[in-house]
Amino acid sequence: MLAVASNLNYIVQKKSGDPYNFDFNCIGFATSVIYSFGFILPLILNFILNIFGSKTRYVEILCIYGYSTIVFIPAALLSSTGWSIVEWALLLYAGGSSSVFLMTNLWTELEKYILNKRYIIMGLIAASQFLLVLIIKFRFF
């Protein structure tokens, strides 16, 4: 979806008469980014939670991360308007709502097992979502 939205953005912004060149590298990079953020970050979070005694399974965290990234699909499609302020607003909204979704769903686990460091972990989750927003904005739009 990111590659499609990125190429739509290119079509919208190109001048008439310029030839259209599809960016095939965009597909591989988009796949790498999405799978990295979708599988590796939940694995790291699961590892951290298990170190502190949580019984949360990797599949549960993977599902929560998957649901949290759904908001990036309409944000990416609507970001192909070519207006930078709209792109920033949509992507920041997607990153913020994704972070809030993750934090509210993981709060009880962190509250049970990681009393002292739960705010650090929440900050890392928010920072990783903001990093995803920056990668999407600067690489695809």
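Given the structure is predicted, the values throughout are model-derived calculations rather than measurements.

1. Section: the confidence of the model for the protein chain
Okay, so step 1: Residue-level pLDDT values for the protein chain average 83, and 84% of them are 70 or greater.
Okay, so step 2: Between the elements of the protein chain, mean pLDDT differs from a low of 62, seen in helix α1 (residues 2–13), to a high of 92, seen in helix α3 (residues 58–68).

2. Considering the packing of helix α5 (residues 84–113) against helix α6 (residues 118–140)
Okay, so step 1: Where α5 contacts α6, the axes come no closer than 9 Å and their chain directions differ by 155°. Classified by the angle between their axes, α5 and α6 sit roughly antiparallel to one another. Every pair of crossing elements has a handedness; the one defined by α5 and α6 is right-handed.
Okay, so step 2: Class assignment of the residues belonging to the contact of α5 with α6 gives a composition of 18 nonpolar, five polar and four charged.

3. Overview of the pattern of salt bridges
Okay, so step 1: Within the structure shown, the criterion is met by two salt bridges.
Okay, so step 2: Ionic pairing is found between Arg-57 and Glu-60, a salt bridge with its closest N-O pair at 3.4 Å.
Okay, so step 3: Since its relative accessible area comes to 34%, Glu-60 is described here as partly exposed.
Okay, so step 4: A salt bridge links Lys-137 to Glu-87; its shortest N-O distance comes to 2.5 Å. Of this pair, Lys-137 sits in helix α6 while Glu-87 sits in helix α5, and the two are 50 residues apart along the sequence. Across this residue pair, the class does not change: Lys-137 and Glu-87 are buried.

4. Some thoughts on the side chain of Ser-99
Okay, so step 1: Locating Ser-99 in the fold gives a position in helix α5.
Okay, so step 2: Overall, Ser-99 belongs to the buried group, its relative accessible area being 8%.

5. Let's talk about the packing of α3 against α5
Relative orientation and spacing of two packed helices are given, respectively, by the angle between their axes and the distance between those axes.
Okay, so step 1: In contact at an axis separation of 9 Å, α3 and α5 are set at 150° when each is read in the N-to-C sense. Taken as axis vectors, α3 and α5 run roughly antiparallel relative to one another. In this structure, α3 crosses over α5, and the sense of that crossing is right-handed. Residues Ile-61, Ile-64, Tyr-65, Tyr-67 and Ser-68 of α3 touch α5, and the partners they reach there are Ser-98, Phe-101, Leu-102, Asn-105 and Leu-106.
Okay, so step 2: Its residues assigned to classes, the contact of α3 with α5 shows seven nonpolar, three polar and no charged.

The rules behind these values
Residues numbered from 1 in each chain as written. Predicted model: local features only at pLDDT ≥ 70, side-chain atom pairs only at ≥ 80, totals over all residues. Heavy atoms only, no water. pLDDT = per-residue confidence, 0-100. Helix = DSSP H or I, 4+ residues; strand = E, 2+ residues; numbered from the N terminus. Axes fitted to C-alpha atoms, helices over the stretch in contact; angles between N-to-C directions. Parallel < 35°, antiparallel > 145°, perpendicular 65-115°, else oblique. Left-handed = near helix turned anticlockwise from the far one by under 90°. Nonpolar A, V, L, I, M, F, W, Y, C, P; charged D, E, K, R; others polar. Salt bridge = Lys/Arg side-chain N within 4 Å of Asp/Glu carboxyl O. Buried < 20%, exposed > 50% of the residue type's maximum accessible area, 1.4 Å probe, protein only. Contact = heavy atoms within 4.5 Å.

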